[in-house]
Amino acid sequence: MKTEADFDFYDKAVEDRAPEAWSELGRKHPIYHYRGRFDFYVSSDYDDIKNNILVDNDTWLYSRGTSPKELDPRMACGMMTEPPHHNGIRIIVQRGFTPKQLERIAVEIDQLADELIDGMQAMPEKRGNFFKLFAMPLPARLMCRMLGAPEEKHLQYKQWADEFMYDHYNNKTDSAEAGEKAQLIAASLSGLIAERRRVLQEAGVTEPSLQEVGTVLPDDFISRFICDKVDGRHLTEWEIISLLLSIINGGNETTMNLISNLLWRLLEKPERWEQLKANPDLIPNAVEESLRFDPPLLGMFRTTAKETELKGEVIPEGEKVMYSIAAANRDPAIWENPDEFRLDRDMATLRKHVSFSGGSHLCLGIHLARMEVRQVFEKLVERLPNLRLTGEPVIVPGFSFWGLVDLPVAWD
Ligand code: HEM
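Fair warning: this is a prediction, and the values are worked out from it, not measured in the lab.

Once that is clear, we can look at the side chain of Gln101. Position of Gln101 among the secondary structure elements: in helix α5 (residues 99–121). A relative accessible area of 10% places Gln101 in the buried class. Of note is the side chain of Gln101, whose polar atom sits 3.1 Å from the side chain of Asp219. Not counting residues up to four positions away in its chain, the partners in contact with Gln101 are Arg95, Gly96, Asp219 and Arg224.

Spatial strand order, β1-β2-β10-β7-β3: five strands in an open sheet with mixed pairing. Looking at strand neighbours, the two that pair on one side only are β1 (31–35) and β3 (60–61), the edges of this open sheet. Sheet topology note: the β3/strand β7 (residues 299–304) ladder contains two bridges and is antiparallel. If you follow Trp60 over to β7, its bridge partner there is Thr304.

With that settled, the discussion passes to the side chain of Arg345. Topologically, Arg345 is positioned in the loop between α14 (325–328) and α15 (347–350). A distance of 2.8 Å separates a polar side-chain atom of Arg345 from the backbone oxygen of Glu336. Within the structure, the side chain of Arg345 is placed 2.9 Å from the backbone oxygen of Glu340, a separation counted as a polar contact. If we ignore the near neighbours within four places in the chain, the residues touching Arg345 are Asn285, Glu289, Arg292, Trp335, Glu336, Asn337, Pro338, Glu340 and Leu350.

Assignment of secondary structure puts Ala348 in helix α15. Ala348 gets classed as exposed once you look at its relative accessible area, which sits at 58%. Put simply, Ala348 and Phe134 are 214 residues apart on the chain and 30 Å apart in space, counted from C-alpha to C-alpha.

This paragraph deals with the site of the ligand. Around the ligand, the surrounding shell holds 29 residues, and the nearest of these are Tyr62, His86, Arg90, Tyr323 and Cys363. With respect to the ligand, the side chain of Arg90 contributes an N or O atom lying 2.5 Å from an oxygen atom. A distance of 2.8 Å separates an oxygen atom of the ligand from a polar atom in the side chain of Arg302. With six residues, helix α11 (residues 237–268) is the single largest residue contributor to the shell around the ligand. Along the lines of polarity and charge, the residues of the shell around the ligand split into 16 nonpolar, eleven polar and two charged.

Right, let's get into helix α2 (residues 18–28). Buried residues of α2: Ala18, Pro19, Ala21, Trp22, Ser23, Leu25 and Gly26, and no others. Contacts from the buried residues of α2 go to α1 (12–15), β1, α13 (283–293), β7, β10 (320–324) and α14.

Another aspect to go through is the pairing of strand β2 (residues 39–43). For β2, the tally of buried residues reaches four of five residues, placing the bulk of the element in the interior. As paired strands, β1 and β2 are joined by five bridges and run antiparallel to one another. Bridging from a neighbouring strand, Arg35 pairs with Asp39 of β2. If you look at the hairpin formed by β1 and β2, you'll find three residues sitting between the two strands. Where β2 lies against β10, three bridges are found, and the strand directions are parallel. Opposite Ser43, over in β10, you have Tyr323 as the bridge partner.

Glancing now at the layout of surface pockets. The computed volume of the largest pocket comes to approximately 180 Å³. If you go around the largest pocket, you meet 14 residues; those closest to its centre are Asp162, Tyr166, Glu253, Val396 and Pro397. Per-element accounting of the lining of the largest pocket gives the leading share, six residues, to helix α8 (residues 154–170). Grouping the constituent residues of the lining of the largest pocket by class yields nine nonpolar, two polar and three charged.

This part is about the pattern of salt bridges. Going through the model one piece at a time under the given rule, you end up with 38 salt bridges. For the salt bridge of Asp339 with Arg27, the shortest nitrogen-to-oxygen distance reads 3.0 Å. Separated by 312 residues along the polypeptide, Asp339 in the loop between α14 and α15 and Arg27 in helix α2 bring together distant segments of the chain. Here Arg27 falls in the partly exposed class, since its relative accessible area comes to 40%. Measuring nitrogen to oxygen at the nearest pair gives 3.1 Å for the salt bridge that ties Glu268 to Arg265.

Once that is clear, we can look at the pairing of β7. Here β7 lies mainly inside the structure; six of its six residues are buried. A two-sided burial pattern is seen for β7, the buried positions comprising Gly299, Phe301 and Thr303 on one face and Met300, Arg302 and Thr304 on the other.

Among the nonpolar cores identified, the biggest contains 136 residues, and Phe9, Trp22, Phe130, Phe134, Phe225, Phe377 and Leu380 are the most heavily contacted of them. Considering each element in turn, this core owes the most residues, 15 residues, to α11. Not counting the four nearest positions on each side in its chain, Phe377 is found in contact with Ile259, Leu262, Leu263, Leu266, Trp273 and Ile283.

Attention now goes to α8. If you check α8, its first and last C-alpha atoms are 24 Å apart, about what 17 residues at 1.5 Å a residue would give, namely 24 Å. Residues of α8 that are buried include every one of His154, Tyr157, Lys158, Trp160, Ala161, Phe164, Met165, Asp167, His168, Tyr169 and Asn170, and no others.

The rules we used
- Residues numbered from 1 in each chain as written.
- Predicted model: local features only at pLDDT ≥ 70, side-chain atom pairs only at ≥ 80, totals over all residues.
- Heavy atoms only, no water.
- Helix = DSSP H or I, 4+ residues; strand = E, 2+ residues; numbered from the N terminus.
- Buried < 20%, exposed > 50% of the residue type's maximum accessible area, 1.4 Å probe, protein only.
- Polar contact = N/O pair within 3.5 Å; in protein donor to acceptor, adjacent residues only side chain to side chain.
- Contact = heavy atoms within 4.5 Å.
- Pairing = 2+ DSSP bridges.
- Near = heavy atom within 4 Å.
- Nonpolar A, V, L, I, M, F, W, Y, C, P; charged D, E, K, R; others polar.
- 1 Å grid on protein atoms, 1.4 Å probe; cavity = no way out; pocket = protein on both sides within 12 Å on 5 of 7 lines; lining within 4 Å.
- Points joined across faces, edges and corners; volume = space filled by probe spheres on them.
- Salt bridge = Lys/Arg side-chain N within 4 Å of Asp/Glu carboxyl O.
- Core = buried A, V, L, I, M, F, W, Y, C linked by side-chain atoms within 4.5 Å.
- Expected span 1.5 Å × (residues − 1).

Shown next, in the form of structure tokens:
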């Protein structure tokens, strides 16, 4: 095991080719001790990740944060907890992703996609940054609708979430400072919660239940979190805020990244785009291959609850360990020529990627994200068939997220 900081996750040259660089590191060192801007271990072995780190909750703690920094203890509630309490929290969130809810959301996705494409088609210059014009606003606006937050504030929420996440993964400031940033978003969410409580009060509801969702209150996450119960009690104000933050932080940038990463791979080799247009049935495979090859989240952290071993290396108690999604997704024992982006991989093998994590923290937005991005690409091939790259994309700055902030394209 290497102990020197000779592979620097924070080096711009590494950041710019992170999935390749991280998997090269993993092939040489399935377990690696990084001592640079932060001190943490990195696990890159598919089997260790899938069958140990993601399933053994007694050893690999989630409640101490999923970044290289110790989580502000004020935030260790809601989603950021351990089973069995965590299981109850997941049930509450899952109510927002039932087949009936997804059916409703599917209509909104098509409507938003059409509106954004109309906007692009109305631009006389017929060129621009696809991330800003489409990949960013669609998930951000949809997220506001799902939460019950004002849609016109989507850019503000995105900026807050970006700052919050960047801080957690990149800045060596203490967690209290990051906590201060969370307070900004929290204040805004608090106002929305207070507004809903006022409506309940005016309707004479003193003991809200899920019956009030979609009747007295709008059918969205804020209402559900106010009315639902965990362990036989209502959620506290801070638990509600923390859950809303988990959804904003976990669901926004990831989906934006997936949309722009996939379009980038399709347009950088125009024959891929042609292939997809000729056979839109390939869209689900393209989405999965993008998730595998360009994971929107490159790696997430756990904290060891006790001394443990990975690949014969002892990791002491209380250490931060990152599971490298990027490296696991390029395991040559599972995917033939894993460093190639291909549209002809079979779905069963493709879906072995760990881009949505696994075990008791498997992404709760998994079905929504897949559905959203499939629908987006169905619209794009139909309505913007002549999309093409006009320059070099710009990679999102910082550690852990993998996406683009500029994807220059033209269309007719
Ligand atoms: C391409 C899109 C997405 C990707 C790649 C992704 C990825 C992930 C990953 C890797 C985790 C696990 C984090 C960990 O192990 O520490 C996670 C958890 C989670 N995701 Fe997603 N996500 C996506 C979209 C979404 C969306 C759209 C939502 C909600 C609207 C969402 C909500 C969540 C939540 C609430 C969790 C926490 C689950 C738990 O701790 O039990 N995600 N996601």
